[in-house]
Amino acid sequence: MKPLILLTFLLFSSEVQSFEFIAGDFHELNGIGVPEHENIGDDPPVILHAHEKRHKRSEDGEDEEEENLTADHFVIQSYKVQSIITSRFAETVFSTKIRNKESSAQNVEFNLKIPKGAYITNFTMTVNDITFVGSVQEKSLSRRLYAEARAKGKAAGIIRTYGREMEHFKADINVPGGSKIGFELHCQELLQRRLGFYEQIIVLQPGSLVKQFQVDVYIFEPQGIAYIEAPNRLGTQFDGLIHITKGENKAHLSFKPTLDQQRKCPGCLDTAIDGSMVVKYDVKRELNGGSLQISDGYFVHYFAPSNLPPLLKNIIFVIDVSGSMWGIKMKQTVEAMATILEDLHPRDQFTIIDFNHNIRFWHHLLVPATPAHIKEAKKYIAKIQPNGGTNINEAILSAIHVLRVADSYGLLDPRSVSLIIMVSDGDPTVGEIKLSAIQRNVRRQMQEDYSLFCLGIGFDVDYDFLERIALENRGEARRIQANLNTSNQLTDFYEEVATPLLRKIEVHYGGENVTDVTQDTFDKYFSGSELIIAGRLTNNVPSILQSLVSASSANSDLQFEVESPTDELDIILAKHQYVLPSFTKQLWAYLTIRQLLAERALVQSAKQKSNITSRILTLALIHHFVTPVTSMLVESEETGQKLLADSPRDSRDGCCGGTPIIKKEKPFTPLKQPISTILPQQVSGSTELEIKPVTSVDNDPHFIIHLPKSKQDICFNINPQPGKILSLVSDPIKGIAINGKIVSGKQSKNQKLNTYFGTIGIHFTKLNLSFDISTEKIRLKDGDHKTLLQWFENATLTHASFVVRVEKNNKVIITVGDDMVFLILLHRVWKNHPTNVDFLGFYNPPTNKFSTSVHGLIGQFTHEPQVNVYNLQPGMDPNKPQAIMQIKGLKITVTRGLQKDYRTDAVNGTNIQCWFIHNSGKGFIDGHFKDYIVPHLNSFLERP
């Protein structure tokens, strides 16, 4: 396992998904307030506001010294991470203190990542001398207490954690001038052994210089530490600054750079700390039966035998070659397969199945992994051309059939292991597409001796489904990040399962004094991993605890006996300072909850699920874990104010993921208003609305191009075929593609068939983020997350790097980072209108910052061409004078007229004076409008 820890501070910007507090407009309430007119719903955001007041500077001059640490509004006074690891069980504490050095209130954002498998156990926060302390409660009780607090006008809210590989914490706080704020968060997790070592990764991104910067990792392993290392990944500037002190059973790693050592350059205010502190270690193993550790009435059994001959493998690679695998995914999968095939033992048996809407076999039978077969298989893989749909059901069933046929012919060694490894990047689209049906079909066909491993590439795949089907069939699922060393991720996973050493492992503990044992039977054990069993001892604790492990190896059936005194470890732990005295108790609860959550995901009946949920709840409350069934209620005894911490379920991420906050609400004006150029502005001393000009396309594709330098608005109209997709903005340097799909009216009107934009696609490749807005739904893909918003309700989706606001049946406003904002308007027609259809308008303000390479029907005018309009004369219509426009070395005839801006009136629009370019913008746009047709909503414009 690679636990990754991040604590970062960002001012007025955010690039991390978040566990968040949202500052707002508040009534004063003991220095902390609540917003007006906010509905109490299931998922409101946390609200916390510290009322501005004067703070006296410290008399010792400390604050004045800190003024030179940063050019920002805030000073990070301390940044500390302490991790205590006792027998693989880690408790990590994140703490920080900052000060607002300005005299006025400022917003500050805290961003923190904790390992995906970790449970938050405690959270405290001090702001404006008021301390909030967390306590774990049953989820429905926490929500009721939260609602009661809100009803009484007290500060309250909900905190959500979410992410793909990490849980993300964010706090967005309004800090009064001169005041200080601090928080401390505790989490616990069990480090997993992979490829022969345990690893903890601490990502350090403070964002600015820190007066007291300190990271400490304390490790205590009763078995003894075999080796430990901390490779420097922070840059050569920090060579030699990570210090390791190692003893027989314990080690201490520290990183405490001084202010000067943190600086990016001598005398500058930027920090050079932006990377990872990595800790790798393994323990000594003298007995193949493992290590029994007993403390505080609980025991943990670590089982990781070595020096055993590997079992033979029967392995079937099932590879998705549907159209979505085209490009880098397929290329890196081919690279990974080449490496994996080379690693097969000559006595292993294998074959390859590749699938899209059809199923193809490299060989219908398993073949030995001889050099000739390996060479042939690599050639086969290299020739694959992805296309078509995704038939997952038939692919897995075909792999099972190959194994069953081989078994029936006696071709499987009775001591071998049979593995199916499926690689896919999407949900099923062909054949059986109902996930529960696929799961049932596989369960019925799968044999007890076979295991299914599922590797999901990218964000289109339903990882929750892959995890369920793998766990149910004695395997596991792994998420593979697309385009991020995909080949290495695939080969790393294969290495974890490449060397099976044991099968059919059973563990027994003697006597009647052992109870509540976690999983004690295992299908397989792979070299470099570790099996962990935990349990409780009754009140009548024996002096010696014994265990018996039986397993089947490559050559024979084995038994290992292990025993350990029950009072020895408590005495040892009492002598050490940086250890977790109750680690066995917490580790047992941690393992039990994780296993119950996996079991709950697989059960079919509601009664079974309810019983398991009840057991999880009891354990989580006793051991103070924030889980999918519990929440953390954060309150201040001084004021009675409450906050709520919550760890929600994300169906796309498995049992313990989360989703961005979606808050149902009444329309509002955001605190930060980067959309000021898009929304109507109130004129001082007047009730009239002023519309600031923007570049847009609306109605029967009518483009209004605003040229701010020449203070001109230029219009043109195009009439492409329905179904075509047009490039509006294409910026390959910034990785932004904005395209629109054409729909047509129901029938011709005045001998003309009107066309409109029915779907707008906005794609950010560098953020792995895309929006598809149609007249029916608003779809969002953020990495592995998929979120769906509806037009028929008000909603705000708050994310660390973007905000989406939906005004019911009216508009969508998307703000990305600090320099991008877009408005999409919805035009509804009555259902049985004879000619018209629903359509969208798209508005792009001139403040959006694109690169010099930007193009597209709208994007090309980001860099304003020189325009000269002259020779004004009456036209055929007296209300529409004509003129000559000189642009790009051409002279074209233009007509003065009116176009509609629908931002303030979606029905009638507001008239905008512009010069109209005839012939589909010919001469004004580069080339012909057909040159801007692209194949997909996320495509970039290909330019000659």
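Higher on the page you've got the structure.
The text that follows walks through the structure, step by step, so that each part is easy to find. Nothing here was measured: the structure is a model prediction, and the numbers come from that model. (Residues numbered from 1 in each chain as written. Predicted model: local features only at pLDDT ≥ 70, side-chain atom pairs only at ≥ 80, totals over all residues. Heavy atoms only, no water.)

A few words now on the packing of helix α11 (residues 583–602) against helix α12 (residues 606–623). The geometry of α11 relative to α12 is characterised by a closest axis approach of 10 Å and an angle of 160° between their N-to-C directions. Classified by the angle between their axes, α11 and α12 sit roughly antiparallel to one another. Considering only the axes of α11 and α12, their crossing is left-handed. Side by side, α11 and α12 meet where K585, Q586, W588, A589, T592, I593, L596, L597, E599 and R600 of the first sit next to K609, I612, T613, R615, I616, L619, A620 and H623 of the second. Split into classes, the residues belonging to the contact of α11 with α12 amount to nine nonpolar, four polar and five charged. (Axes fitted to C-alpha atoms, helices over the stretch in contact; angles between N-to-C directions. Helix = DSSP H or I, 4+ residues; strand = E, 2+ residues; numbered from the N terminus. Parallel < 35°, antiparallel > 145°, perpendicular 65-115°, else oblique. Left-handed = near helix turned anticlockwise from the far one by under 90°. Contact = heavy atoms within 4.5 Å. Nonpolar A, V, L, I, M, F, W, Y, C, P; charged D, E, K, R; others polar.)

Grouped together as the largest cluster of nonpolar side chains are 58 residues, with contacts concentrated most on L728, I762, F771 and F842. Setting aside its immediate chain neighbours within four residues, F771 contacts I760, G761, I762, F764, R779, L780, F802, V804, I814 and V816. L112, I242, V626 and M632 belong to the second largest nonpolar core, which has 50 residues in total. (Core = buried A, V, L, I, M, F, W, Y, C linked by side-chain atoms within 4.5 Å. Buried < 20%, exposed > 50% of the residue type's maximum accessible area, 1.4 Å probe, protein only.)

With that settled, the discussion passes to the state of the cysteines. According to the stated counting rule, one finds one disulfide in the structure shown. In this model, C715 is linked to C914 through a disulfide, with the two sulfur atoms separated by 2.0 Å. Of note, the bridge from C715 to C914 carries an S-S torsion of about -120° and is left-handed in sense. Note that C715 is positioned in strand β43 (residues 712–717) and C914 in strand β58 (residues 910–917), a separation of 199 residues in sequence. (Disulfide = S-S within 2.5 Å.)

Time to look at the packing of aromatic side chains. Under the definition given, this model contains 23 aromatic pairs. With centroids separated by 5.4 Å and ring planes inclined at 45°, the aromatic side chains of Y298 and W588 adopt a geometry described as tilted. In this pair, Y298 is assigned in strand β22 (residues 298–303) and W588 in helix α11, connecting sequence segments 290 residues apart. Just as Y298 is buried, W588 falls in that class too. Every member of this aromatic cluster is reached through a ring pair, and the members are Y79, F213, F238 and F255. Cation over ring: R88 sits above Y302, and NZ or CZ is 3.7 Å from the ring centre. We note R536 situated over the ring of W588; from NZ or CZ to the ring centre the distance is 5.6 Å. (Phe/Tyr/Trp six-rings, centres within 6.5 Å; stacked < 30°, edge-to-face > 60°. Lys NZ or Arg CZ within 6 Å of the ring centre and 35° of its normal.)

What follows deals with helix α8 (residues 463–471). Within α8, seven of the nine residues are buried, leaving the element largely enclosed by the surrounding structure. For α8, the complete set of buried residues consists of Y463, D464, F465, L466, R468, I469 and A470. Of the surrounding elements, those touching the buried residues of α8 are α6 (392–408), β27 (417–424), α7 (435–445), β28 (450–457), β29 (477–480) and α11. The distance from a side-chain oxygen at the start of α8 to the backbone nitrogen of D464 is 3.3 Å, and the residue carrying that oxygen is D462. (Polar contact = N/O pair within 3.5 Å; in protein donor to acceptor, adjacent residues only side chain to side chain.)

Take the packing of helix α4 (residues 328–343) against helix α9 (residues 486–497) next. Packed helices, taken two at a time, are described by their axes: the angle between them and the distance between them. Relative to each other, α4 and α9 sit at 30°, their axes nearing to 8 Å. Considering their axes alone, α4 and α9 lie roughly parallel with respect to each other. The crossing of α4 and α9 is right-handed. Seen from α4, the contacting residues are Q332, T333, E335, A336, T339, I340 and D343; seen from α9, they are T486, S487, L490, T491 and Y494.

Let us now look at the sheet that holds strand β35 (residues 557–565). Strand order in the open sheet made by the four strands is β32-β30-β34-β35, with antiparallel pairing throughout. The open sheet terminates on both sides in strands that have one partner only, identified here as β32 (521–526) and β35. Across the sheet, the mean angle separating the axes of adjacent strands is 30° when strand polarity is ignored. Sheet topology note: the strand β34 (residues 544–552)/β35 ladder contains nine bridges and is antiparallel. Across the sheet, S550 pairs through a bridge with Q559, a residue of β35. (Pairing = 2+ DSSP bridges.)

Here we take up the pairing of strand β45 (residues 736–744). Looking at chain direction, strand β44 (residues 725–731) and β45 are connected through six bridges and run antiparallel. Looking at the pairing, D731 lines up with I736 of β45. Between β44 and the antiparallel strand that follows it, β45, lie four residues; G735 among them carries a positive phi value of about 75°. Across nine bridges, β45 lies against strand β46 (residues 755–764) in antiparallel orientation. In the sheet register, N739 faces β46, and the bridge partner there is G761.

Another point: the sheet that holds strand β31 (residues 514–515). Ordered in space as β21-β22-β33-β31, the four strands form an open sheet in which the pairing is antiparallel. Unpaired on one side and paired on the other, β21 (291–295) and β31 mark the two borders of the sheet.

Right, let's get into a positive patch on the surface. A cluster of like positive charges, contributed by K80, K97, K180 and K256, occupies part of the molecular surface. With respect to the helices, strands and loops of the structure, K80 is situated in strand β6 (residues 74–86). (Patch = residues over 30% accessible without salt bridge, like charges linked within 9 Å, V, L, I, M, F, W, Y side chains within 5 Å. Areas by Shrake-Rupley, 256 points an atom, 1.4 Å probe, with all protein chains shown as cover. Salt bridge = Lys/Arg side-chain N within 4 Å of Asp/Glu carboxyl O. Lys, Arg positive; Asp, Glu negative; His and termini not counted. Charge placed at Lys NZ, Arg CZ, Asp CG, Glu CD.)

Right, let's talk about the pairing of β58 for a bit. Pairing of β43 with β58, which is carried by three bridges, proceeds in the parallel orientation. In the strand pairing of β58, C715 is matched with F916. Note: strand β57 (residues 890–901) against β58, eight bridges, orientation antiparallel. Residue K900 lies in a different strand from β58, and its bridge partner there is N911.

In short, shape yes, function no, at least from these values alone.
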